[in-house]
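Read off the chains here:
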Amino acid sequence: MLTGSILLAAALATASGGCGPRISEPARANIAARIEAAEFRGLVIGIVDRRGRCTEGFGTLSAKRPVAPDGDTLFEIGSITKVFTATLLAAEVESGRISLDTPLGQILPVPPASDAASVTLEELATHRSGLPSLPRNLPSRNPADPYAGYTQDLLLSHLAELKLSPRPRPYAYSNLALGTLGEALAVRFGEPYAQLLSRRLLRPLGLRRTFVDVPTQLRAILAPGHSGLEPTSGWSLGVLAGAGALHSSANDLLRFLDVQLRPRGPLAGAITLTHTERRATAIPATAVGIGWHIRRRPSTPEILWHNGGTGGYASFAGFDRNAGRGVTVLTNTEASVDDLGMHLLSPADPLAKPRPLLRLPIADLERFTGGYALPGGNRLTVTRIGEQLYLAGSAGGRTALFASAPSRFFLRALPVEVEFTAPPGEKPSAMTVIQSGLPTIARRVPE
């Protein structure tokens, strides 16, 4: 593991080329400090504006590969995939082969009387379907790959059993909804999601390094994912690929952003359709289009954006149409890069403050491991891999815990603090989870 001055030197290293003054000195200093604090391992920024495109890499790919990523390095881009799925829908709407009002039951074989049968494709694309964020029948018991093995049969079974609230349904962000949309489009047009997306969207836009499955000959340029301090495997989304299965590079995402700024070619109409505001959201000053979120705040530019996060990667893509500027930020850790992306589009937006990392002895970390019961019966599990603690919920997935004090930890992926109730050197009796200032106590489950 790189530490101290060696890590700082790596943080300041850049890939060839670079973006020069288009990345401000405060942003550069912020990135360096956050790599020093082990928040990011490697990071790439891409910018497209009226001066053209540029990319710049920071940090290192891994402890074993101490080189900076560059514009061609591949990353999992997580939920930015949803924009591609929504654009695929818009392309088929523009072609006249499908409608935003098409109900799901006309495409997927769900029972006609089920609540899901009447959900429209627009409702799926705008997070107003009423579908939960995650399916409740995930088969995987591997928190490092929570969607693995999710099949069409499992999806159809889950959709058939869902009970949805009456319309109008509020905005509620849903991975299940966009995964279902991707599968519905694949079924409607008779080819796998990855193949359909490539034929209808990726190849026409010249995106040659954007894939669901990375080809064998390009795996060497895939940045290894990291969950906290430790390397982690990638995610496999199965039938929910449309929600977050894509890998891409900064250079490809800049091509995608460039066509958002200047819609042109046979997909111009579809791209413009995705920019049209459809509904309000629960996010302050933010609406949603077909895939993109649209942020409008006083005295700041209008920004269309989406972010992404998987078990070992985080991503951001956004653009300001009036300024003609687009930005993407990719990292091979799970810590959010949203503040960097927004700051590069709107300098008035603040950068997140680096949080120093306290390294605890492995023996101290080990005593916190185990199961913890939440009120209502749900369970949290704390595990350790190497020098890293992880928190996992019963719904699947896990996230890294970072120490800020001997018994207090924080998450980088979410604004959550965790405090263990334990005398020094002893196993804790409980864990307090603090989210948005509200504490919830989880009692330790006897081993």
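Cut-offs and rules
Residues numbered from 1 in each chain as written. Predicted model: local features only at pLDDT ≥ 70, side-chain atom pairs only at ≥ 80, totals over all residues. Heavy atoms only, no water. Pairing = 2+ DSSP bridges. Helix = DSSP H or I, 4+ residues; strand = E, 2+ residues; numbered from the N terminus. Contact = heavy atoms within 4.5 Å. Axes fitted to C-alpha atoms, helices over the stretch in contact; angles between N-to-C directions. Buried < 20%, exposed > 50% of the residue type's maximum accessible area, 1.4 Å probe, protein only. Core = buried A, V, L, I, M, F, W, Y, C linked by side-chain atoms within 4.5 Å. Phe/Tyr/Trp six-rings, centres within 6.5 Å; stacked < 30°, edge-to-face > 60°. Parallel < 35°, antiparallel > 145°, perpendicular 65-115°, else oblique. Nonpolar A, V, L, I, M, F, W, Y, C, P; charged D, E, K, R; others polar.

*Asks:* Looking at this structure, I do not really get the sheet that holds strand 7 (residues 279-280). What am I missing?
*Replies:* Paired through their backbone hydrogen bonds, the strands of a sheet run either parallel or antiparallel. Taken in spatial order, the 8 strands make up an open sheet running 2-1-12-11-10-9-8-7, and their pairing is antiparallel. In the strand order of this sheet, the two ends are held by strand 2 (52-59) and strand 7, each with one partner. Where strand 10 (residues 303-309) meets strand 11 (residues 314-320), 6 bridges bridge the pair, whose relative direction is antiparallel. Looking across to strand 11, one finds that tryptophan 305 is bridged to glycine 318. Sitting on the sheet, helix 2 (residues 25-36) touches strand 1 (42-49) and strand 2, and the angle it makes with strand 2 is about 30 degrees.

*Asks:* Just to check I follow, could you spell out the environment of alanine 335 for this structure?
*Replies:* Assignment of secondary structure puts alanine 335 in the loop between strand 12 (325-331) and helix 11 (338-345). With a relative accessible area of 1%, alanine 335 lands in the buried category. Taking the C-alpha atoms as reference, alanine 335 lies 9.1 Å from serine 315; in sequence the two are 20 residues apart.

*Asks:* Explain the nonpolar core to me, please; I cannot follow it from the model alone.
*Replies:* Looking at soluble globular proteins, one finds that nonpolar side chains tend to be buried together. Of all hydrophobic cores here, the largest spans 78 residues; its most connected members are Phe84, Leu89 and Leu159. In this structure, Ile23, Ile47, Phe316 and Leu344 belong to the second largest nonpolar core, which totals 22 residues.

*Asks:* Where do I start with unusual backbone geometry in this structure?
*Replies:* As a rule of thumb, non-glycine residues mostly have phi less than zero, and peptide bonds are mostly trans rather than cis. That bond from arginine 167 to proline 168 is cis: its omega, -5 degrees, falls within 30 degrees of zero. A positive phi angle, near 60 degrees, is found at histidine 127, a position not held by glycine. Assignment of secondary structure puts histidine 127 in the loop between helix 4 (121-125) and helix 5 (152-161). By relative accessible area, histidine 127 is classed as buried at 2%. For serine 299, which is not a glycine, the phi torsion comes out positive at approximately 65 degrees. Tracing the sequence through the fold places serine 299 in the loop between strand 9 (293-295) and strand 10.

*Asks:* Even after reading the chapter, I still don't get the packing of aromatic side chains, so can you show me in this structure?
*Replies:* In this description, a pair of aromatic rings is defined by centroid distance and the angle of the planes. Taken as a whole, this structure holds 10 aromatic pairs when the rule is applied. Taking the centre distance of 4.4 Å and the plane angle of 25 degrees together, the rings of phenylalanine 368 and phenylalanine 420 count as stacked. Placement of phenylalanine 368 in the loop between helix 12 (362-366) and strand 13 (370-373) and of phenylalanine 420 in strand 18 (residues 416-421) is noted, with a sequence separation of 52 residues between them. Here phenylalanine 368 and phenylalanine 420 have matching classes, each one buried.

*Asks:* What's the story with the packing of helix 2 against helix 11 in this structure? I'm lost.
*Replies:* Closest axis-to-axis distance for the helix 2/helix 11 pair is 11 Å, and the angle between their directions is 170 degrees. Judged on the interaxial angle alone, helix 11 and helix 2 are roughly antiparallel. Facing helix 2, whose interface residues are Ala27, Asn30, Ile31 and Arg34, helix 11 presents Asp339, Leu340 and His343. A per-class count over the contact of helix 2 with helix 11 returns 3 nonpolar, 2 polar and 2 charged.

*Asks:* Help me understand the pairing of strand 11 in this model?
*Replies:* Walk down a regular strand and you will see the side chains alternate between the two sheet faces. Of all 7 residues in strand 11, 7 are buried; the element is thus mostly enclosed. Along strand 11, one buried face is formed by Ala314, Phe316, Gly318 and Asp320 and the opposite face, lined by Ser315, Ala317 and Phe319, is buried too. As judged from the 7 bridges shared by strand 11 and strand 12, these two strands associate in the antiparallel manner. Across the sheet, aspartate 320 pairs through a bridge with arginine 325, a residue of strand 12.

Function cannot be read off these values alone, since they describe shape.
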